Every structure is written in structure tokens, then in C-alpha cells.
Amino acid sequence: HNDELPGPAVMSADYAVVCRDEHGNTTDEYERILRIASAAIVLYPVGVPLSYIFLFWKARRAIWAEEPTPLSKSLDFLVGDYDTIYFFWELVEVLKKLLLVGAMSVVLPGEINQLVIAFVIVICFQTALLIARPFKRMADDVIAIAAGFALVMFFFFSLLLKVQTLVEAVEDSL
């Protein structure tokens with residue numbers, strides 16, 4: 001919410017939503033929005049991977065045997081690009097995104113350790129990708145490896161920049 005405007009505090013994303021009335025009490029509408037947002041924030045990171053796990057588990061035999069069922073056909077958009085042994089790789093990708101975007105946004109924000117943890121995470125996922133090479137087409141493996149390498153380099157150079165900034169701050173304080 002935005003407390004800097006005159007009058008009641010309103011939500012900065014939508015000024016029509018009043019968060020706090022003139023007495024400083026939260027409004028019912030704002031409380032409802034907070035409950036929905038909190039539920040979504042909790043359900044999405046848990047619900048999507050659990051849904052994938054459940055659906056992949058139910059369809060695993062049909063996918064491995066390459067004997068399509070209605071469920072395995074409906075999952076083709078998630079599993080179709082991967083070798084049958086790695087049909088679940090989309091779940092790995094979802095977990096990587098959730099760790100890097102969701103978890104890392106709240107783990108030690110602004111600290112160098114946040115970058116170190118993220119760097120270790122991308123190295124682990126890149127290593128898994130290099131070992132598995134999960135795609136049916138080699139060109140897709142090459143693109144995924146190149147994109148993963150770019151992500152590793154992004155975090156590596158971010159870490160270097162953070163270290164340089166900290167070194168300069170220490171030097172300036174001496």
C-alpha cells in the first residue's frame with residue numbers, strides 16, 4: 001500500500017483499492033486481497049510441482065512404454081520434447097525457476113551469500129543438464145546448455161561485481 005498520498009492509504013498497484021481508512025484500520029477489501037494473494041503465493045510453488053508429480057506418476061508407464069493413453073497424450077506438451085527416460089524434465093525446469101525466482105528473492109536479499117547460493121544452484125542444474133542431455137533433439141540440448149551457461153555466467157559476473165563493490169566500500173572506509 002502507499003502511505004505517502006494524502007487521505008486514506010491506497011494500494012500502489014490500484015489506487016481504487018483503499019488499504020487503510022482515515023483511522024489507520026485495514027479495510028475489508030484489502031484484507032480479502034491479502035488473503036487471496038497469500039494463498040496464491042503459497043499454493044503456486046507447491047501446487048504446480050505437486051500437480052506435475054501426480055500427473056507424471058499416473059502417466060509414467062504409458063510414456064515409458066510409448067503406448068499412449070488419454071492422459072499421456074494430454075501431457076505431450078510437457079513431455080514431448082524429452083527422451084522417454086527424462087519425460088519428467090519439465091518438473092526439473094519448474095523447480096529451477098521456483099528456486100531462482102521464488103526462493104532466491106527472499107533468501108538473504110542483497111547479501112553476497114544470496115548470489116553464492118544462486119550460483120551454486122545454477123551450477124548444479126547445469127551439471128545435471130550436461131549429464132542428462134534430456135531432449136530428443138540434439139539441437140534442443142545444445143540450446144538448453146547454452147542458455148544454462150549464460151545463466152551460470154550471469155550469476156558468476158554478478159558475484160564478481162558484488163565482490164568488487166564490497167572491496168571498494170572497504171577501501172573507501174579505510
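Quick caveat, the model's predicted, so the values are computed rather than measured.

K.L.:
Teacher, can you tell me more about the packing of aromatic side chains here?
P.N.:
Centre-to-centre distance and the angle between the planes together describe a pair of aromatic rings. This structure, assessed with the given rule, holds 11 aromatic pairs. Arranged with centres 5.9 Å apart and planes meeting at 85°, the rings of F87 and F88 form a pair that is edge-to-face. Between F88 and W89, the aromatic rings sit 6.5 Å apart at their centres with planes inclined by 45°, giving tilted as the arrangement. Above the face of the W57 ring, R60 is positioned so that its terminal group lies 3.6 Å from the ring centre.

K.L.:
Quick question: what am I supposed to make of unusual backbone geometry here?
P.N.:
Phi is mostly negative for residues that are not glycine, and the peptide bonds are mostly trans. Despite not being glycine, E66 has its phi angle at roughly 55°, a positive value. Examined against the element boundaries, E66 turns out to sit in the loop between α1 (28-65) and α2 (70-74). By relative accessible area, E66 is classed as exposed at 58%. Here R133, not a glycine, exhibits a phi torsion of approximately 45°, which is positive. If you trace the backbone, R133 turns up in the loop between α5 (112-132) and α6 (138-173). Residue R133 is classed as partly exposed on the basis of its relative accessible area of 44%.

K.L.:
Help me out: how do you make sense of α5 in this one?
P.N.:
For α5, with 21 residues, the first-to-last C-alpha span of 30 Å sits near the 30 Å given by 1.5 Å per residue. Taken residue by residue, α5 has Q114, L115, A118, F119, I121, V122, F125, Q126, L129 and A132 as its buried positions. For α5, the buried positions fall inside an angular range of 165° around the axis, keeping them on one side. At its buried positions, α5 is contacted by α4 (89-103) and α6.

Conventions and cut-offs
- Residues numbered from 1 in each chain as written.
- Predicted model: local features only at pLDDT ≥ 70, side-chain atom pairs only at ≥ 80, totals over all residues.
- Heavy atoms only, no water.
- Phe/Tyr/Trp six-rings, centres within 6.5 Å; stacked < 30°, edge-to-face > 60°.
- Lys NZ or Arg CZ within 6 Å of the ring centre and 35° of its normal.
- Helix = DSSP H or I, 4+ residues; strand = E, 2+ residues; numbered from the N terminus.
- Buried < 20%, exposed > 50% of the residue type's maximum accessible area, 1.4 Å probe, protein only.
- Expected span 1.5 Å × (residues − 1).
- Arc of directions from axis to C-beta.
- Contact = heavy atoms within 4.5 Å.

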